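# Architecture and fold: a report
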Amino acid sequence: MDLANHPCFNAKMRGKYGRVHLPVAPRCNIQCNYCDRKYDCVNESRPGVTSAVLKPRQAMTYLDYVFEEVKNISVVGIAGPGDPFANPDETMETLRLVREKYPEIILCLATNGLGIGPYIDELSEMNVSHVTITLNAVDPEIGSQIYSFVRHGKRVLAPKAGFEVLLEKQLEAIIRLKEKNVTTKVNTIILPGINEDHIETVAEKMAELKVDILNCIPFFPNKGAKFADIPEPSKESVIQIRKKAAQHIPQMYHCKRCRADAVGILGEENGCQINEKLQECAQ
Ligand code: SF4
Ligand code: SF4
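Note that the structure is a prediction, hence the values are computed from the model and not measured.

Reading the values: rules and limits
- Residues numbered from 1 in each chain as written.
- Chains lettered and ligands numbered in written order.
- Predicted model: local features only at pLDDT ≥ 70, side-chain atom pairs only at ≥ 80, totals over all residues.
- Heavy atoms only, no water.
- 1 Å grid on protein atoms, 1.4 Å probe; cavity = no way out; pocket = protein on both sides within 12 Å on 5 of 7 lines; lining within 4 Å.
- Points joined across faces, edges and corners; volume = space filled by probe spheres on them.
- Helix = DSSP H or I, 4+ residues; strand = E, 2+ residues; numbered from the N terminus.
- Nonpolar A, V, L, I, M, F, W, Y, C, P; charged D, E, K, R; others polar.
- Pairing = 2+ DSSP bridges.
- Buried < 20%, exposed > 50% of the residue type's maximum accessible area, 1.4 Å probe, protein only.
- Contact = heavy atoms within 4.5 Å.
- Axes fitted to C-alpha atoms, helices over the stretch in contact; angles between N-to-C directions.
- Parallel < 35°, antiparallel > 145°, perpendicular 65-115°, else oblique.
- Left-handed = near helix turned anticlockwise from the far one by under 90°.
- Core = buried A, V, L, I, M, F, W, Y, C linked by side-chain atoms within 4.5 Å.
- Polar contact = N/O pair within 3.5 Å; in protein donor to acceptor, adjacent residues only side chain to side chain.
- Right-handed = clockwise from strand over helix to strand, strands pointing away.
- Salt bridge = Lys/Arg side-chain N within 4 Å of Asp/Glu carboxyl O.

### Considering the layout of surface pockets
Of the volumes computed, that of the largest pocket is approximately 290 Å³. Taken together, 17 residues form the lining of the largest pocket, with Asn29, Leu114, Gly115, His152 and Gly153 sitting closest to its centre. Elements that contribute at least two residues to the lining of the largest pocket include exactly β6 (147-152) and α5 (159-179). A per-element tally of the lining of the largest pocket places α5 first, with four residues. Of the residues in the lining of the largest pocket, the class split is seven nonpolar, six polar and four charged.

In structure tokens, the structure reads:
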């Protein structure tokens, strides 16, 4: 396994190698105000529902098929459609099964970071080499505008208390992942009028924590979400925000906001036959 062959973390590989996302994580443990649960997780997605949700064993049947049909897949990832660690049993079982059968494949995860902490040792032992955490603010005044609630254990926390817990868990997770030498990306959604002037501060903090790469993702309005009326950021403002952030930390410029069931080369649509197989495996 050459870790440099991850098409998201290494732009040189984006046309050469593909990834497959296994949609095994339907539930979420927070409510981002830009997310409508009818859609994929904006952690790693553009609007559009995943075609199906798979159980771990179903995901393996599907994965075997994808490897037969699609060439040059270097990465197997879990990116929703909810959060992997709001579904830790499904997520961990899937990763174990994939690692057992495909010892050479790159394993990757995208999460909001709230629940990953207790699993970091085992993830590292399984050689999950790439993790993405979506972190949108490091300031409670800003962060508490972005989340409606955070579910922490059995408690559902209101925005301010919820954001404080979320941020604490995110920062702890990043520190532990870096201690374990996991390549760590942070996704930050650019939210006009909310955090757009704060992203350089996020970039500085992430650089301090030795995060490998920052992916500033332009907000995309979801009809059913609380932030449905916030406009998309202009192309020019995205360029300027990334330019400022790049003074502190390397930037990802080629993210395609993929679906939670994306397959193949970044930016290419899943074929019908892959979607049909996904739905068949889910039954
Ligand atoms: Fe939606 Fe993802 Fe936020 Fe959960 S973490 S509310 S699935 S965007
Ligand atoms: Fe890669 Fe971005 Fe797609 Fe995630 S959403 S698989 S980082 S291109």
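More follows now that the structure is in view.
### Focus: the pairing of β6
Relative to β6, strand β2 (residues 30-32) runs antiparallel, the two being bridged by three bridges. Within β6, the residue paired with cysteine 32 across the bridge is tyrosine 147. Where β6 and strand β7 (residues 155-157) come together, three bridges link them in antiparallel fashion. Directly across from arginine 151, in β7, lies its bridge partner valine 156.

### Observations regarding the environment of proline 159
Within the secondary structure, proline 159 sits in helix α5. With a relative accessible area of 27%, proline 159 lands in the partly exposed category. Leaving out residues up to four positions away in the same chain, proline 159 has contacts with Ser144, Tyr147 and Ser148.

### Some details on the sheet that holds β6
Read from one edge to the other, the open sheet built from three strands follows the order β2-β6-β7, with strand pairing classed as antiparallel. Each of the sheet's edge strands pairs with one partner strand only, and the pair in question is β2 and β7. Across the sheet, the mean angle separating the axes of adjacent strands is 20° when strand polarity is ignored.

### Side note on the packing of helix α1 (residues 56-69) against helix α2 (residues 88-101)
Packing of α1 against α2 brings their axes to within 9 Å, and their N-to-C directions diverge by 40°. Relative to α2, the element α1 is oriented oblique. Relative to α2, α1 is oriented so that their crossing is right-handed. Only Glu90, Glu93, Thr94, Leu97, Val98 and Lys101 of α2 make contact with α1, whose side of the interface consists of Pro56, Arg57, Ala59, Met60, Leu63 and Asp64. Among the residues making up the contact of α1 with α2, the classes are represented as six nonpolar, one polar and five charged.

### Some remarks on the nonpolar core
Counting 78 residues, the largest nonpolar core has Tyr62 and Met206 as its most contacted members. Among the elements that take part in this core, α5 stands out by supplying eight residues, more than any other. Aside from chain neighbours lying at most four places away, what touches tyrosine 62 is Val20, Leu22, Leu54, Asp261, Val263, Ile274, Lys277, Leu278 and Cys281. In this structure, Phe9, Cys108, Ile213 and Leu266 belong to the second largest nonpolar core, which totals eight residues.

### Focus on the side chain of asparagine 136
For asparagine 136, the location among the structural elements is in the loop between β5 (128-134) and α4 (140-143). Take asparagine 136: its relative accessible area is 1%, and that puts it in the buried class. There is a polar contact of 2.8 Å between the side chain of asparagine 136 and the backbone nitrogen of isoleucine 189. Beyond its immediate chain neighbours, meaning those up to four positions away, asparagine 136 contacts Tyr34, Ile146, Tyr147, Asn187, Thr188, Ile189, Asn195, His198 and Val202.

### So, the pairing of strand β4 (residues 106-111)
Counting buried positions along β4 yields six of six residues, so the element is predominantly enclosed. Neither face of β4 is open: one carries Ile106, Cys108 and Ala110, the other Leu107, Leu109 and Thr111, and all of them are buried. With four bridges connecting them, strand β3 (residues 73-78) and β4 associate as parallel partners. When the bridges of β4 are listed, valine 75 appears paired with isoleucine 106. Taken together, β3, α2 and β4 constitute a β-α-β crossover, and its handedness is right-handed. Here β4 pairs with β5 via five bridges, running parallel. Counted as the bridge partner of threonine 111 is isoleucine 133 from β5. Tracing the backbone out of β4, into helix α3 (residues 120-125) and back to the parallel element β5 gives a crossover that is right-handed.

### Describing the pattern of salt bridges
Evaluation of the coordinates by the stated rule reveals ten salt bridges. Its salt-bridge partner being aspartate 64, residue lysine 101 comes within 2.9 Å of it at the nearest N-O pair. Residue lysine 101 is found in helix α2, and its partner aspartate 64 is found in helix α1; the two are separated by 37 residues along the sequence. A residue is classified by how much of its surface remains accessible, and aspartate 64, at 22% relative accessible area, is partly exposed. For the salt bridge of lysine 160 with glutamate 164, the shortest nitrogen-to-oxygen distance reads 3.6 Å. Residue lysine 160 and its partner glutamate 164 are located together in helix α5, separated by four residues, close to a single helical turn.

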